[in-house]
Amino acid sequence: MEINKHFTENAKNDFHLVVKARQGNQKAYADLMHRYKDSIYFMVLKMVNNKEDAMDLTVETFAKAFEKLDKYQPEYAFSTWLFRVATNNCIDFIRKKKLNTQSIHGMLDEDGDEKPLQIKSDGLNPEETSIKKQQTEELKLLIESLPIRYRNLITLRYFDELSYEEIAQQLDLPLGTVKAQLFRARYLLGNIINRYNKDDI
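Parameters at a glance
- Residues numbered from 1 in each chain as written.
- Predicted model: local features only at pLDDT ≥ 70, side-chain atom pairs only at ≥ 80, totals over all residues.
- Heavy atoms only, no water.
- pLDDT = per-residue confidence, 0-100.
- Contact = heavy atoms within 4.5 Å.
- Helix = DSSP H or I, 4+ residues; strand = E, 2+ residues; numbered from the N terminus.
- Phe/Tyr/Trp six-rings, centres within 6.5 Å; stacked < 30°, edge-to-face > 60°.
- Buried < 20%, exposed > 50% of the residue type's maximum accessible area, 1.4 Å probe, protein only.
- Lys NZ or Arg CZ within 6 Å of the ring centre and 35° of its normal.

### Section: the confidence of the model for the protein chain
No. 1: Per-residue pLDDT for the protein chain has a mean of 76; in total, 71% of the residues score no lower than 70.
No. 2: Confidence drops under pLDDT 50 across residues 100–110; counting only partners more than four residues distant or on other chains, this segment forms 14 contacts.
No. 3: With pLDDT under 50 throughout, residues 118–122 is counted as low confidence; its partners more than four residues away or in other chains account for six contacts.

### Let's talk about unusual backbone geometry
No. 1: Positive phi is not limited to glycine here, since Asn49 has a value of about 55°.
No. 2: Within the fold, Asn49 resides in the loop between helix H2 (26–48) and helix H3 (51–67).
No. 3: Positive phi values are uncommon outside glycine, yet Asp172 reaches one of about 55°.
No. 4: Tracing the backbone through its elements, the reader meets Asp172 in the loop between helix H7 (164–171) and helix H8 (175–200).

### Let's talk about the packing of aromatic side chains
No. 1: The full count for this structure, using the stated rule, is seven aromatic pairs.
No. 2: Seen from their ring centres, Tyr29 and Phe66 are 4.7 Å apart, and the 70° between their planes marks the pair as edge-to-face. Of this pair, Tyr29 sits in helix H2 while Phe66 sits in helix H3; the two residues are 37 residues apart in sequence, bridging distant segments of the chain. Taken individually, Tyr29 and Phe66 each receive the classification buried, so the pair is uniform in this respect.
No. 3: Each ring, one from Tyr41 and one from Phe42, has its centre 5.2 Å from the other, and the planes form 75°; the classification is edge-to-face.
No. 4: Judged by its relative accessible area of 19%, Tyr41 falls in the buried class.
No. 5: Taking the ring centre of Tyr76 as reference, the NZ or CZ of Arg84 above it sits at 5.4 Å.
No. 6: Taking the ring centre of Tyr164 as reference, the NZ or CZ of Arg157 above it sits at 4.5 Å.

Below, the structure written as C-alpha cells:
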C-alpha cells in the first residue's frame with residue numbers, strides 16, 4: 001500500500017496510524033478517533049440538527065470506518081474517506097428517519113419487553129461459568145465506550161436489573177423515553193461488540 005506523494009504531513013501521519021490500526025494497534029484507533037471526533041461531530045450536527053443524534057452518529061461513523069478500514073485506499077487522505085463515511089451514514093439516517101419504517105417495538109416481544117441482550121453461554125459447568133464471568137467483565141469494559149446516558153441505562157437495566165418503571169423513576173424520565181434510549185443504547189453496544197468479536201478472531 002503506497003502513500004500518495006501529494007499528501008500533507010497530517011495526511012501522512014494519518015496514513016501511518018491507519019497502517020498500525022490495521023495491524024491491531026488499539027492506540028492507533030484511539031489516536032485517529034481523538035483527531036477527528038470533534039470535526040466529525042460538528043459536521044454531522046449541521047446535517048441532522050440534533051445534538052443527541054449527532055453524538056450517536058459520530059460513534060457509529062467511527063465504528064463503521066474502523067470495521068471497513070481494510071477497504072481504505074491511500075489514493076485519498078484518510079480524513080477525506082472518513083468524512084465520506086460520516087456523510088453517507090447521515091444520509092442513511094435521515095432517509096430512515098423520514099421513512100420511519102423501523103418501529104422501536106421491532107426489538108420488543110409481545111409483552112413490550114426487549115429481547116434479552118446477552119453474550120452466549122449455555123453451559124453451567126465451572127469452566128463455562130468462569131468464561132461467562134470473564135465475558136461479563138469484558139462487556140462492562142465495552143459499555144464504558146458508550147455515551148454516558150446510554151452507559152447508565154445499560155447498567156441500570158442489565159446489571160442492576162431494574163424495571164423500565166424503576167429506571168424512569170430514578171432518572172426522572174418518561175417511560176417511553178427510557179424504552180427508546182435503551183433501544184438506541186443496545187444498537188450502539190451491538191456495533192461495538194461486533195467489532196470486538198472481529199478483533200478477537
